[in-house]
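The chain contents come next:
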Amino acid sequence: MSNFEVIVIGAGGGGAVIAKELGEKGLKVLVLEAGPWYGNKKWPNPNSQSGAESSSTSDDLDVVLHKQLLNKFEMNMNDLVTGRFRWGPADRSRSQWFRNADQKGVIWQCSGVGGTTQAYTANCPRAYPAAIDNVWPISYRELIPYYEKVEETLPVNFAATTAKEELFYYGAKKAGWHLIPTLDVTGPGYRPQPNAILPPNKNITNLNLSEEQLSWMEGCTLSGHCINGCPHGPSVDKMAKRSTNVSYVPLALKTGNVCIRPNAFVIKIVTENTVSKGLHAVGVKIRDTWTGEQEELRAEIVVMASGSIESPRLWLNSGLPDNQWVGRGLVNHYMDWVSGIFEEKDLIPILGTSDINPFVGNTCGARMDYPGLGALQSVGMSPGLTASFYAVSESGYSFLHTPGMNDPWDIRGRLFGYELKETMDAYRRTLNILVSTDDEVNQRNGITLDPLIRDENGFVPVVKYQPTKQSSRKRSKLVKIAAELLRKAGAKKIIWTNWPTGMMIHIESTMRMGFVVDQDCETFQVKRLYIADNSVHYNSLGGVNPTLTTQALATRTAEKLVEKYFN
């Protein structure tokens, strides 16, 4: 394996995108992925056998194997220790990769080709323009053509309306908010979620077709549980939920210039310092996650796309130059979870049915944007995940908190015992709202190395996050708006879970543009080393899901990289 011009570290939300873009421009690209590859015939048993070394053709993609491995069974997919979507090596006899995070919560990421987009909700909103203009080193207008290219490639569509979206819109309208008819959001209002999910299958109402037959046709079946996996489509590259392993990875392979090697953990960026080039990247050192063998690979350019925890960890473990912003400034959208329970008689006049059935349709199909505060999203998680989200709270057990006269909620804190059972009995009549805050950058938050604890890949990362007072105030306002929306929609009981700060889902800004990388995402201190993941974001984008912006930036970075080094 040699003669590659670019090495990309990570095959997730950003790595797969820049690999496809560079491959289409004629560059020879090697993508190194630490986790397994599900749905490739070279790895028929990816969790029990090492399989082949690499794959460079879309002919290796196998839709039957993909559906067999990435199904909707909750424990099969989401078990944090043994599930397909865990953060760890393919070999299930080995433990997860350790992060030292001494606070309540969960760091929700997964390894493997497709990265965390394998498990994501496919939400693809653009950043709020006000969070970019006169703040970032580049303008919002500069991002628009790259947003448009990604939106067309995935593609991104407005989510279909099922019962939970209809109820969300009903409550938002009753609360006085207006429909936003544009992708570029400059004021508060509600709208369908821009999602990387194909529109509903045109045969979805054909009673002569079984669910099994529909699952082999192109288009979303609205069967829900999207975050657990999506086995709906006629081929790997036509799956309904457009995780990068079914969208950008097949396109990258079809260029004929991209090779992907799973089960390869990069443990060091290799550099040289010459008079003509200064300090610059020349390759990487990898560790085979099955055999433990180490190997050095070389290329003219190295791109880190391993995420907001692993990219700074790799920089620090490689002994690259000191920079007071490497690993610092982590934002997390300081999330929260608010639920409304409805009575059957109240739902019938609105929905024409007595149940919401939140599992139907896109996981997050409706949103309310509020530039300056953040966003609210309807959520239809599967029952197991829903129950788990009721059980993690900064407030402790719910019986400790009697609501005050002016509190907009009826219950605050962690549900347990009979109360949890009663709430889950009402699962089909519950509308959940995810709060996502316009989080502020604080240099004290971020990633450092544990000075004592090492795993097989080097010193482990220490993850620390505490929201600023301003972020806390914003989240409190969003929680009250969510409660009001649910009450206006007719909810009879409001539950505020009060998630702890350690619930980390949207992690950004640990290798910030303007501080660690320049406006083209090349690092200031090590030439020929680029970054194409969430870590380069200057801030939290205003509170929206970061995936689309990362992919737009990766598209732009590929263009700038080629202009500088290959023209």
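Anything mentioned here points back to the structure above.
Residues numbered from 1 in each chain as written. Predicted model: local features only at pLDDT ≥ 70, side-chain atom pairs only at ≥ 80, totals over all residues. Heavy atoms only, no water.

Colleague: Honestly, the sheet that holds strand β8 (residues 278–288) in this entry has me stumped. Any pointers?
Modeller: Taken in spatial order, the three strands make up an open sheet running β7-β8-β9, and their pairing is antiparallel. Only two strands of the sheet have a single neighbouring strand rather than two, namely β7 (264–274) and β9 (294–298). For this sheet, the mean angle separating the axes of adjacent strands, direction not counted, is 30 degrees. Pairing of β8 with β9 involves five bridges; the strand directions are antiparallel. Considered in β9, the bridge of K285 is made with E296. (Pairing = 2+ DSSP bridges. Helix = DSSP H or I, 4+ residues; strand = E, 2+ residues; numbered from the N terminus. Axes fitted to C-alpha atoms, helices over the stretch in contact; angles between N-to-C directions.)

Colleague: Where do I start with helix α10 (residues 344–351) in this structure?
Modeller: For an α-helix, the turn length of 3.6 residues means that residues three or four places apart are oriented alike. When α10 is considered as a whole, its buried residues turn out to be D346, L347, I350 and L351. The buried residues of α10 occupy an angular sector of 105 degrees when projected down its axis, which confines them to one face. In α10, those exposed residues whose orientation departs by more than 90 degrees from the buried face are K345 and P349. Looking at the packing, one finds that the buried side of α10 touches α6 (163–174) and α13 (469–489). Directly after α10, the chain includes G352, whose backbone phi takes a positive value near 80 degrees. (Buried < 20%, exposed > 50% of the residue type's maximum accessible area, 1.4 Å probe, protein only. Arc of directions from axis to C-beta. Contact = heavy atoms within 4.5 Å.)

Colleague: What is the right way to look at the environment of I286 in this model?
Modeller: Take I286: it is sitting in strand β8. Assessed through its relative accessible area of 1%, I286 is described here as buried. Along the chain, I286 and A196 lie 90 residues apart, while their C-alpha atoms are 32 Å from each other. Discounting chain neighbours no more than four positions away, the residues touching I286 are L32, R261, A264, F265, V266, I267, E293, Q294, E295 and L297.

Colleague: Is there a simple way to think about the state of the cysteines in this case?
Modeller: Covalently bonding the sulfur atom of one cysteine to the sulfur atom of another cysteine gives a disulfide. Per the counting criterion, the structure on display carries zero disulfides. Cysteine C364 remains unbridged, with the sulfur of C226 as its closest cysteine sulfur at 8.9 Å. With a relative accessible area of 2%, C364 lands in the buried category. (Disulfide = S-S within 2.5 Å.)

Colleague: Just checking my understanding: could you explain the pattern of salt bridges for this structure?
Modeller: A side chain of one charge can pair with a side chain of the opposite charge when the charged atoms of the two come close. What the rule picks out here adds up to 30 salt bridges. For R556, the salt bridge identified is with D520, shortest N-O distance 3.5 Å. On the criterion of sequence distance, the pair formed by R556 in helix α14 (residues 547–565) and D520 in the loop between β18 (493–496) and β19 (529–531) is long-range, its members being 36 residues apart. Residue classification places D520 among the partly exposed residues on the basis of a relative accessible area of 23%. In this structure, E522 and K564 form a salt bridge, with 2.7 Å as the shortest nitrogen-oxygen distance. (Salt bridge = Lys/Arg side-chain N within 4 Å of Asp/Glu carboxyl O.)

Colleague: I tried to follow the sheet that holds strand β15 (residues 430–437) on my own but got confused; where do I start?
Modeller: Picture the strands of a sheet paired through backbone hydrogen bonds; they go either parallel or antiparallel. Taken in spatial order, the seven strands of this open sheet run β4-β12-β13-β15-β11-β18-β14, and their pairing is mixed. Only two strands of the sheet have a single partner each, and these edge strands are β4 (189–192) and β14 (411–412). Bridge count between strand β11 (residues 336–341) and β18: four bridges; the pairing is antiparallel. Residue pairing in the sheet places I341 in a bridge with K493 of β18. Each of β11, β12 (366–370), β13 (374–379), β15 and β18 is contacted by α13, which is oriented at about 160 degrees to β15, the strand it contacts most.

Colleague: Sorry, what's going on with the environment of M513 here?
Modeller: Looking at where M513 falls in the secondary structure, it is placed in the loop between β18 and β19. For the pair formed by M513 and G365, sequence separation is 148 residues and the distance between their alpha carbons is 31 Å. Other than its neighbours up to four places away in sequence, M513 contacts W136, P137, I138, D518, Q519, C521, V536, Y538 and L553.

Colleague: In this structure, what is going on with the environment of L27? I would like to understand it.
Modeller: Examined against the element boundaries, L27 turns out to sit in the loop between α1 (15–24) and β2 (29–32). Residues L27 and Y530, spaced 503 residues apart in sequence, show a C-alpha to C-alpha distance of 15 Å. Residue contacts for L27: discarding those within four places in its chain leaves E5, V6, L22, N257, L561, V562 and F566.

Colleague: Any chance you could explain the pairing of β12 here in plain terms?
Modeller: The side chains of a regular strand alternate, first on one face of the sheet and then on the other. Judged by how many residues are buried, β12 sits mostly within the fold: four of five residues are covered. Here β4 pairs with β12 via four bridges, running antiparallel. Bridging across to β12, G189 finds its partner in D369. Where β12 meets β13, four bridges bridge the pair, whose relative direction is antiparallel. Its bridge partner lying in β13, R367 is registered against Q377. Counting the residues that bridge the hairpin from β12 to β13 gives three residues, and of these G372 lies at a positive phi of roughly 105 degrees.

Spatial relationships are all this shows, so hold off on functional conclusions.
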